[in-house]
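Chain by chain, the residues run as shown.
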Amino acid sequence: QENGRLLPLVLKLGVATSRPSLPANESYGDHPDRYLLRLFQDLLYGSSDEEGRPLISFAQAVHALNKLDLGHDGRALLTGREDGAMVLVSYHELKQVLERSFGEIAAAAEQ
């Protein structure tokens, strides 16, 4: 049952963050919404320990995805690997950003 909810979420996240542009929006990939989603992907897949070793925690990823799916009011601390930025954002806000970003792509696909 959980896979039925989380797989579409993971696919939407991948689609929304991997597209650099749209026909009517050349700067689609550079929008702050996509930056937040890429930071969230880093939280899911790019965690490291204090010594820089990769952390692989499927339980942590599933927990975060469940919060995203529910639009939970809890907050996630997102950090940028390249720029060191730190952003505190609610899962509710992230879900809105994901739906908006994916909706832009879906609308472009139907034109």
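See the structure printed just above.
Residues numbered from 1 in each chain as written. Predicted model: local features only at pLDDT ≥ 70, side-chain atom pairs only at ≥ 80, totals over all residues. Heavy atoms only, no water.

**Observations concerning the packing of helix H2 (residues 32-45) against helix H4 (residues 91-109)**
Part 1 of the argument: Close contact between H2 and H4 brings their axes to 10 Å; oriented N to C, the two are set at 120°. Taken together, the axes of H2 and H4 lie oblique to each other. The way H2 lies across H4 gives a crossing that is left-handed. For the pair H2 and H4, contact is made by Asp33, Arg34, Leu36, Leu37, Phe40 and Leu43 and by Tyr91, Leu94, Val97, Leu98, Arg100, Ser101 and Glu104, respectively.
Part 2 of the argument: In terms of residue class, the contact of H2 with H4 is built from 8 nonpolar, 1 polar and 4 charged. (Axes fitted to C-alpha atoms, helices over the stretch in contact; angles between N-to-C directions. Helix = DSSP H or I, 4+ residues; strand = E, 2+ residues; numbered from the N terminus. Parallel < 35°, antiparallel > 145°, perpendicular 65-115°, else oblique. Left-handed = near helix turned anticlockwise from the far one by under 90°. Contact = heavy atoms within 4.5 Å. Nonpolar A, V, L, I, M, F, W, Y, C, P; charged D, E, K, R; others polar.)

**Remarks on the nonpolar core**
Soluble, globular proteins show a tendency: their nonpolar side chains are buried together.
Part 1 of the argument: With 23 residues, the main nonpolar core has Phe40, Leu68, Leu78 and Leu94 as its most contacted residues.
Part 2 of the argument: Of all the elements in the fold, those that place two or more residues in this core are helix H1 (2-18), H2, helix H3 (58-70), strand S1 (75-79) and H4.
Part 3 of the argument: Beyond its immediate stretch of four places on either side in the chain, Leu94 contacts Leu36, Leu37, Phe40, Leu68, Leu78 and Val89. (Core = buried A, V, L, I, M, F, W, Y, C linked by side-chain atoms within 4.5 Å. Buried < 20%, exposed > 50% of the residue type's maximum accessible area, 1.4 Å probe, protein only.)

**A short note on the pattern of salt bridges**
Part 1 of the argument: Enumeration over the complete set of coordinates arrives at 7 salt bridges.
Part 2 of the argument: In this structure, Asp69 engages Arg5 in a salt bridge whose closest nitrogen and oxygen atoms are separated by 2.6 Å. One end of the pair, Asp69, is in helix H3; the other, Arg5, is in helix H1, and 64 residues separate them in sequence.
Part 3 of the argument: Given the relative accessible area of 18%, Asp69 is considered buried.
Part 4 of the argument: Residue Glu104 is joined to Arg34 by a salt bridge in which the shortest nitrogen-to-oxygen separation is 3.6 Å. Placement of Glu104 in helix H4 and of Arg34 in helix H2 is noted, with a sequence separation of 70 residues between them. (Salt bridge = Lys/Arg side-chain N within 4 Å of Asp/Glu carboxyl O.)

**Observations concerning the layout of surface pockets**
Part 1 of the argument: Quantified by volume, the largest pocket comes out at close to 150 Å³.
Part 2 of the argument: If you go around the largest pocket, the residues you meet are Leu39, Asp42, Leu43, Gly46, Ser47, Ser48, Leu77, Leu78, Thr79, Gly80 and Arg81.
Part 3 of the argument: For the lining of the largest pocket, the secondary structure elements donating two or more residues are H2 and S1.
Part 4 of the argument: Tallied by class, residues from the lining of the largest pocket come to 4 nonpolar, 5 polar and 2 charged. (1 Å grid on protein atoms, 1.4 Å probe; cavity = no way out; pocket = protein on both sides within 12 Å on 5 of 7 lines; lining within 4 Å. Points joined across faces, edges and corners; volume = space filled by probe spheres on them.)

**Quick look at a nonpolar patch on the surface**
Part 1 of the argument: Nonpolar side chains collect at one region of the surface, where Leu77, Met86 and Leu88 lie side by side and expose about 330 Å² of accessible area between them.
Part 2 of the argument: Considering the arrangement of structural elements, one finds Leu77 in strand S1. (Patch = residues over 30% accessible without salt bridge, like charges linked within 9 Å, V, L, I, M, F, W, Y side chains within 5 Å. Areas by Shrake-Rupley, 256 points an atom, 1.4 Å probe, with all protein chains shown as cover.)

**Brief notes about the packing of H2 against H3**
Part 1 of the argument: At a minimum axis distance of 8 Å, the contact between H2 and H3 shows a crossing angle of 145°. Counted together, Phe40, Leu43 and Leu44 of H2 and Gln60, Ala61, Ala64, Leu65 and Leu68 of H3 form the full contact between these two elements.

**A closer look at the environment of Ser57**
Part 1 of the argument: Secondary-structure assignment places Ser57 in the loop between H2 and H3.
Part 2 of the argument: Separated by 31 residues in the primary sequence, Ser57 and Leu88 place their C-alpha atoms 21 Å from one another.
Part 3 of the argument: Among the polar contacts listed, one links the side chain of Ser57 to the backbone nitrogen of Gln60, at a separation of 3.1 Å. (Polar contact = N/O pair within 3.5 Å; in protein donor to acceptor, adjacent residues only side chain to side chain.)

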